[in-house]
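A structural walkthrough
One letter stands for each residue in the lines below.
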Amino acid sequence: MIPDKVVARIAARAAHEALTDLMGATPAHRGLATPGATVAVGSGSARLGLSIDLPYPIDIAHTARAVQRSVGERVARLTGMRVTQVTLTVENLIPSGGLERRRVQ
């Protein structure tokens, strides 16, 4: 059996790659935090929890579904486990220009 910690690292890396593919740049390049992952493994299956930052504006629902699908498929392929759930939490929405303060005019 693969340890939870290893599966979590695979899931976090898969989320990073999915976001890079969707945004055309790495999360760090966009000023976003590295995706995090938690995992509960049992009986050959895994439940994944992901936490990510997203740039704003973006279609949040579409992006979240794409990341969930991509990560679930990638973890299943790499570990041989059945992924039963991928829960995604968007921690922060980061304006496209970064975190600098903007003045409303």
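Residues numbered from 1 in each chain as written. Predicted model: local features only at pLDDT ≥ 70, side-chain atom pairs only at ≥ 80, totals over all residues. Heavy atoms only, no water.

Moving on, we come to the sheet that holds strand β2 (residues 45-56). Backbone-to-backbone hydrogen bonds join strands into a sheet, with any given pair of strands oriented parallel or antiparallel. Ordered in space as β1-β2-β3, the 3 strands form an open sheet in which the pairing is mixed. Sheet topology places β1 (36-42) and β3 (82-95) at the edges, where each strand pairs with a single neighbour. In this sheet, neighbouring strand axes are inclined to one another by 15 degrees on average, regardless of whether the strands run parallel or antiparallel. Here β2 runs beside β3; their pairing, made up of 12 bridges, is parallel. Bridge assignment links Ile52 to a residue of β3, and that residue is Val90. Of the strands in this sheet, β2 and β3 touch helix α2 (residues 60-79), which is tilted by about 140 degrees from β3. (Pairing = 2+ DSSP bridges. Helix = DSSP H or I, 4+ residues; strand = E, 2+ residues; numbered from the N terminus. Axes fitted to C-alpha atoms, helices over the stretch in contact; angles between N-to-C directions. Contact = heavy atoms within 4.5 Å.)

Considering the arrangement of structural elements, one finds Ser45 in strand β2. Residue classification places Ser45 among the buried positions, given a relative accessible area of 13%. Among the polar contacts made by the side chain of Ser45, one reaches the main-chain carbonyl oxygen of Gly42 at a distance of 2.9 Å. Those residues in contact with Ser45 that sit more than four places away from it in its chain are Ala40, Met81, Arg82 and Thr84. (Buried < 20%, exposed > 50% of the residue type's maximum accessible area, 1.4 Å probe, protein only. Polar contact = N/O pair within 3.5 Å; in protein donor to acceptor, adjacent residues only side chain to side chain.)

The next point concerns helix α1 (residues 4-23). End to end, α1 covers 28 Å across 20 residues, agreeing with the expected 28 Å (1.5 Å per residue, within 8%). Within the sequence span of α1, burial applies to Val7, Ala8, Ala11, Ala12, Ala14, Ala15, His16, Ala18, Leu19 and Met23. Tucked inside the fold, the buried residues of α1 contact β1, β2 and α2. Once α1 ends, the next one or two residues include Gly24, with phi positive near 75 degrees. (Expected span 1.5 Å × (residues − 1).)

Under the counting rule described, the total for this entry stands at 2 salt bridges. A salt bridge links Glu17 to Arg13; the nearest nitrogen and oxygen atoms lie 3.1 Å apart. Of this pair, Glu17 and Arg13 are both found in helix α1, 4 residues apart, which corresponds to roughly one turn of the helix. A salt bridge links Arg74 to Glu17, with the shortest nitrogen-to-oxygen separation between them at 2.2 Å. (Salt bridge = Lys/Arg side-chain N within 4 Å of Asp/Glu carboxyl O.)

Turning next to the nonpolar core. Ranked by internal contacts, the top residues of the largest apolar core, which has 24 residues, are Val7, Val39, Leu48, Leu50, Val67 and Val71. Those elements giving two or more residues to this core turn out to be α1, β1, β2, α2 and β3. Ranked by residue count, the leading element in this core is α1, at 8 residues. Ignoring sequence-local partners within four residues, the contact set of Leu48 consists of Val7, Ala11, Thr38, Val39, Val71, Val75, Val83, Gln85, Val86 and Thr87. (Core = buried A, V, L, I, M, F, W, Y, C linked by side-chain atoms within 4.5 Å.)

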